[in-house]
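Now for the letters of each chain:
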Number of protein chains: 2
Amino acid sequence: MSVDLLVKKIKEMGNPSVAGLDPKIEYVPEFIRKKSYEKYGKNLKGAAEAIWEFNRTLIDALYDIVPAVKPQSAFYELYGLRGEEVMHRTIAYAKEKGLYVILDVKRNDIGSTAEAYSKAYLGKTEVDGVECEACGVDCVTVNPYLGTDGMLPFVNDCKTYDKAIFALVKTSNPSSGELQDLLVSDKRIYEKVAECVNNWNKDTIGNSGYGAVGAVVGATYPEQAEILRKLMPHSYFLVPGYGAQGGGALGVKPCFNSDGLGAIVNSSRGIMCAYKNGDWKEEQFAEAARAEAIRMKEDLISVI
Amino acid sequence: MSVDLLVKKIKEMGNPSVAGLDPKIEYVPEFIRKKSYEKYGKNLKGAAEAIWEFNRTLIDALYDIVPAVKPQSAFYELYGLRGEEVMHRTIAYAKEKGLYVILDVKRNDIGSTAEAYSKAYLGKTEVDGVECEACGVDCVTVNPYLGTDGMLPFVNDCKTYDKAIFALVKTSNPSSGELQDLLVSDKRIYEKVAECVNNWNKDTIGNSGYGAVGAVVGATYPEQAEILRKLMPHSYFLVPGYGAQGGGALGVKPCFNSDGLGAIVNSSRGIMCAYKNGDWKEEQFAEAARAEAIRMKEDLISVI
């Protein structure tokens, strides 16, 4: 199962973190933006190409210290077709460098449509008997609001194509509780979803002891994370909210199992914009990102 | 508010339906596929270009009888970048023909990321002070699992750019109840979400009496639709599940208000694959689609 590959990479690097590639244009250093606008114009193409230059250099600076990257689809869709193209290029480059690629798309729909999303990102696209690869990442994030028949296409493709997913369980944002914390009999919605995740995960468990169906659990809610860790012992957690969103290393600790595994912590702005803190020059953005990724790794290792 | 524009088109055409453009490759008539594969190869490009030819011809056959089209993003993402390109082309062509375009993307994320999705589809993308349009549709579908702060960016862009959204409330699929029907005190989750939708919609109500924040309510659950109609009196309903998914005209009736407005019913496969039923030749697919769209319109009109 693909999550075994993630666990292997995490162990090899001794680093349970993932670098989020959420390239808001204002994160990109001015000298890169300027150069790209001169070449392509101050437009969607100019922005997308600046993002590509930024991403590529970040990947070069990070691939030997972080096991995985997580491009956030929204920040590529924001630049239209040119943005999508750069997302595909970024994914291909990250894979070439040996990184595990988690594409943060939070897709879902009714069964047959969920199947199309799953084939697009995890499986293969059939064109009259010819199998093609539309995108091809290792893992995607999935929204569980439509229940089992929206999830099974993804779970099945995880089995067939050796891939993994993270289902939203408890998200990191302030209003996540409006729906996710509602009490149903004696259980919160996030606990109900966690039980579903544990169920979907059951027959996907690989050699690592973890299955293909993981959970998104925000670093900003450590008490809930503790409960969720017990409800999904064989699921990997993708943990957003470390750093910029206010969750520190102690906040993510409950996401890990006692074996020091079970969670991968995301940092996007923290790493991408590291050059904006301290004495870095903007030309040193890659060096700053690498230093922050190392600091984050050590911060995480110190608590697990 | 953009929903006023939709209501105007529905009234003008006397047709509360939307043609779903969910172009699975197997929906496309063989002679179109064959021609495209000969030109571009049996690959993602060949499939995407066949879909474009199919979509364009369908739009030509439908634009003067249906007020709106609803491309389903999954079936374009399935063909990778080539598919995305055809989705953008389809959207532009439908708008050129005067159709209201509802893009079925079911996106959502935490606040700042939801904002990126919203700007991508409803608003404008800022590139260092220059406003660009990344996609530009009239309306998108949105998943509410992350609560208010994931929704507000969309609601705000509806106000700023005169657009509309449909939030998933009660979806049409068999397992929608697993989460959506859970009982919280004396209310179902879908009722709680409906109350939120009604709230988000409040200060967006236009001349038509309807606001920018609508709801997805499946035709397959008419009893729930009746409850939901009362909870969201000023929200338009986007109603999937008519026809192929088993919901008939009587099933969608509770989605309408007594003014005969308040709902727009989707048919995708029913219209796109109409040529597969009866005595049509596959070359007549556009004529068959038009006939089915007219039959559906009359079927709907007969019950409201």
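Rules used throughout
- Residues numbered from 1 in each chain as written.
- Chains lettered and ligands numbered in written order.
- Predicted model: local features only at pLDDT ≥ 70, side-chain atom pairs only at ≥ 80, totals over all residues.
- Heavy atoms only, no water.
- Contact = heavy atoms within 4.5 Å.
- Buried area = accessible area lost by both parts, 1.4 Å probe.
- Salt bridge = Lys/Arg side-chain N within 4 Å of Asp/Glu carboxyl O.
- Polar contact = N/O pair within 3.5 Å; in protein donor to acceptor, adjacent residues only side chain to side chain.
- Nonpolar A, V, L, I, M, F, W, Y, C, P; charged D, E, K, R; others polar.
- pLDDT = per-residue confidence, 0-100.
- Buried < 20%, exposed > 50% of the residue type's maximum accessible area, 1.4 Å probe, protein only.
- Helix = DSSP H or I, 4+ residues; strand = E, 2+ residues; numbered from the N terminus.
- Pairing = 2+ DSSP bridges.
- Phe/Tyr/Trp six-rings, centres within 6.5 Å; stacked < 30°, edge-to-face > 60°.
- Lys NZ or Arg CZ within 6 Å of the ring centre and 35° of its normal.

A. A look at the interface of chain A and chain B. Facing 70 residues of chain A, the contacting portion of chain B comprises 71 residues. Overall, the association of chain A and chain B removes approximately 5600 Å² of surface from exposure, summing both partners, and the carbon and sulfur fraction of that is 61%. Counting across the interface, chain A meets chain B through six salt bridges. The salt bridge involving Asp128 of chain A is made with Arg33 of chain B; its shortest N-O contact spans 2.8 Å. The tally of links between chain A and chain B comes to 33 residue pairs in polar contact (both at pLDDT 80 or more). Residue composition of the side of chain A that touches chain B, grouped by class: 32 nonpolar, 21 polar and 17 charged.

B. Looking closely at the confidence of the model for chain A. Here chain A averages 96 in pLDDT, while 98% of its residues score no lower than 70. Confidence metrics for the complex model read pTM 0.98 and ipTM 0.97.

C. Region of the structure containing the pairing of strand S3 (residues 100-107) of chain B. All names here are of chain B. Within S3, eight of the eight residues are buried, leaving the element largely enclosed by the surrounding structure. Neither face of S3 is left uncovered, since the one carrying Tyr100, Ile102, Asp104 and Lys106 and the one carrying Val101, Leu103, Val105 and Arg107 both have all their residues buried. Two strands pair when backbone bridges link them, and strand S2 (residues 68-71) and S3 are joined in this way by two bridges, in the parallel orientation. Looking across to S3, one finds that Val69 is bridged to Val101.

D. Focus on the side chain of Glu292 of chain B. All names here are of chain B. Within the secondary structure, Glu292 sits in helix H13 (residues 285-303). For Glu292, the side chain forms a polar contact with the side chain of Arg295, separated by 2.9 Å. Those residues in contact with Glu292, other than ones at most four positions away along the chain, are Gly270, Ile271 and Ala274.

E. Looking closely at the packing of aromatic side chains. Under the counting rule described, the total for this entry stands at 10 aromatic pairs over all chains. On the numbers, 6.4 Å between centres and 75 degrees between planes, the contact of Tyr275 of chain A with Phe285 of chain A is edge-to-face. Taken together, the positions of Tyr275 of chain A in the loop between helix H12 (269-272) and helix H13 (285-303) and Phe285 of chain A in helix H13 put the pair 10 residues apart, joining distant regions of the chain. When the centroid spacing of 5.9 Å and the interplanar angle of 85 degrees are considered together, the rings of Trp52 of chain B and Tyr93 of chain B count as edge-to-face. In this pair, Trp52 of chain B is assigned in helix H3 (residues 44-62) and Tyr93 of chain B in helix H5 (residues 80-96), connecting sequence segments 41 residues apart. When sorted by exposure, Trp52 of chain B lands in the same class as Tyr93 of chain B, which is buried. Chaining the aromatic ring pairs together yields one cluster made of Phe31, Phe54, Tyr275 and Phe285 of chain A. Its end group placed over the ring of Phe237 of chain A, Arg229 of chain A keeps NZ or CZ at 4.0 Å from the ring centre.

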